[in-house]
Amino acid sequence: MKWTDTLDIAIALDEAHPDVDPRYVNFVDLRDWTLALDEFDDDPTRSGEKILEAIQAAWIEERE
């Protein structure tokens, strides 16, 4: 997965952290958790606030 695979990342995060409410995850944790995903393979420096917002939004939508 790359940073642009926001839906895939959201699904993987939801599976990895089922007890977490994505509405309250800060971007530092979101970035760290994304980097820790086994399937994730992208440059850690390429993340930014817009990408993290998109991942968080996709995760919230996935939960609903």
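The coordinates are above.
(A) Representation of the pattern of salt bridges. Scanning the model with the defined rule gives three salt bridges in all. One salt bridge connects Arg63 with Asp14, and the closest N-O pair in it is separated by 2.4 Å. Taken together, the positions of Arg63 in helix α3 (residues 49–63) and Asp14 in helix α1 (residues 6–16) put the pair 49 residues apart, joining distant regions of the chain. Given the relative accessible area of 31%, Arg63 is considered partly exposed.

(B) Region of the structure containing the packing of aromatic side chains. For the coordinates displayed, the defined rule picks out two aromatic pairs. With 4.7 Å between their ring centres and 65 degrees between their planes, Trp3 and Phe40 make a pair best called edge-to-face. Taken together, the residues span a long stretch of sequence, with Trp3 in the segment before α1 and Phe40 in the loop between α2 (27–36) and α3 at a distance of 37 residues. One exposure class covers both Trp3 and Phe40, and it is buried.

Calculation rules
Counting restarts for each chain: residues are numbered from 1 in the order of the written sequence. Given that this is a predicted model, residues contribute local features only at a pLDDT of at least 70 and side-chain atom pairs are listed and counted only at 80 or more, while totals for whole chains, interfaces and linings are drawn from all residues. To obtain the side-chain values, all non-hydrogen atoms of the structure were used and water was disregarded. Each salt bridge in this description consists of a side-chain nitrogen of Lys or Arg and a carboxyl oxygen of Asp or Glu lying within 4 Å of one another. In this text, helices come from DSSP runs of H or I with a minimum length of four residues, and strands from runs of E with a minimum of two, each type numbered from the N-terminal end. Only protein chains enter the area calculation, which uses a 1.4 Å probe; residues under 20% of their type maximum are buried, those over 50% are exposed, and those in between are partly exposed. Working definition: rings of Phe, Tyr and Trp (its six-membered ring) pair if their centres are within 6.5 Å, and the pair is stacked with planes under 30 degrees apart, edge-to-face with planes over 60 apart, and tilted otherwise.

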